[in-house]
Amino acid sequence: MSKMTFIDRDGNELTVEAPLGNTILDIAHANDIDIEGACEGCMACSTCHIVIEPDWYKKLAEPSAEEEDMLDLVFGLTRTSRLGCQIEITKEMDGLRVQLPSETRNMLLD
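Below: a short report on this structure. Just so it is clear, the structure is predicted and the values come from calculations on it, not from any experiment.

What follows covers the environment of Ser2. Note on placement: Ser2 falls in strand 1 (residues 2-7). Classification of Ser2 as buried rests on a relative accessible area of 2%. Separated by 88 residues in sequence, Ser2 and Thr90 place their C-alpha atoms 7.7 Å apart. Here Ser2 is in contact with Val16, Glu17, Ala18, Leu20, Ile89, Thr90, Lys91 and Asp94, once residues within four sequence places are set aside.

Spelled out as structure tokens, the structure:
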């Protein structure tokens, strides 16, 4: 079991258990973290947008072309933006830190 830290929109931090093989979106939902995930992780929206701390971003696998296409739709896109539904926790990610963006956009409701 790994641990990870979510940093909310106000800068508050919450460190939680991060079961190996679970996605960041799953972990957020299991811990009542305010990430919508409107498409339930099938990469049809961008409401699970998160910002990975730069040191951690370099350690993750590159996003797929499909994920990059969805990231083009997010508010507040950064160089280290990712979709939480696309990152599965491994033991090498113990201590991962992610920031919630200030806003999200639910394309499914537009």
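Text resumes after the structure shown.
What the rule picks out here adds up to zero aromatic pairs. Just above the ring of Trp56 sits the side chain of Lys59; from NZ or CZ to the centre is 4.4 Å.

Calculation rules
- Residue positions are given per chain, counting from 1 as you read along its sequence in written order.
- Only residues with pLDDT of 70 or above have their local features reported here, since the model is predicted, and side-chain atom pairs are shown and tallied only from 80 upward, although totals for entire chains, interfaces and linings are computed over all residues.
- Remark: hydrogens and water are excluded; side-chain values derive from all non-hydrogen atoms of the structure.
- Each helix is a run of DSSP H or I of at least 4 residues and each strand a run of E of at least 2, with the numbering of both proceeding from the N terminus.
- The buried label applies to any residue whose accessible area, calculated with a 1.4 Å probe on protein chains only, is under 20% of its type's maximum; exposed applies above 50%, and partly exposed to all values in between.
- Contacts are assigned to residue pairs with any non-hydrogen atoms lying within 4.5 Å of each other.
- Whether two aromatic rings pair depends on their centres lying within 6.5 Å, for rings of Phe, Tyr and Trp, where Trp uses its six-membered ring; planes under 30 degrees apart make the pair stacked, over 60 edge-to-face, and the rest tilted.
- Sitting over a ring, as applied to charges here, requires NZ of Lys or CZ of Arg to be within 6 Å of the ring centre and within 35 degrees of the ring normal.

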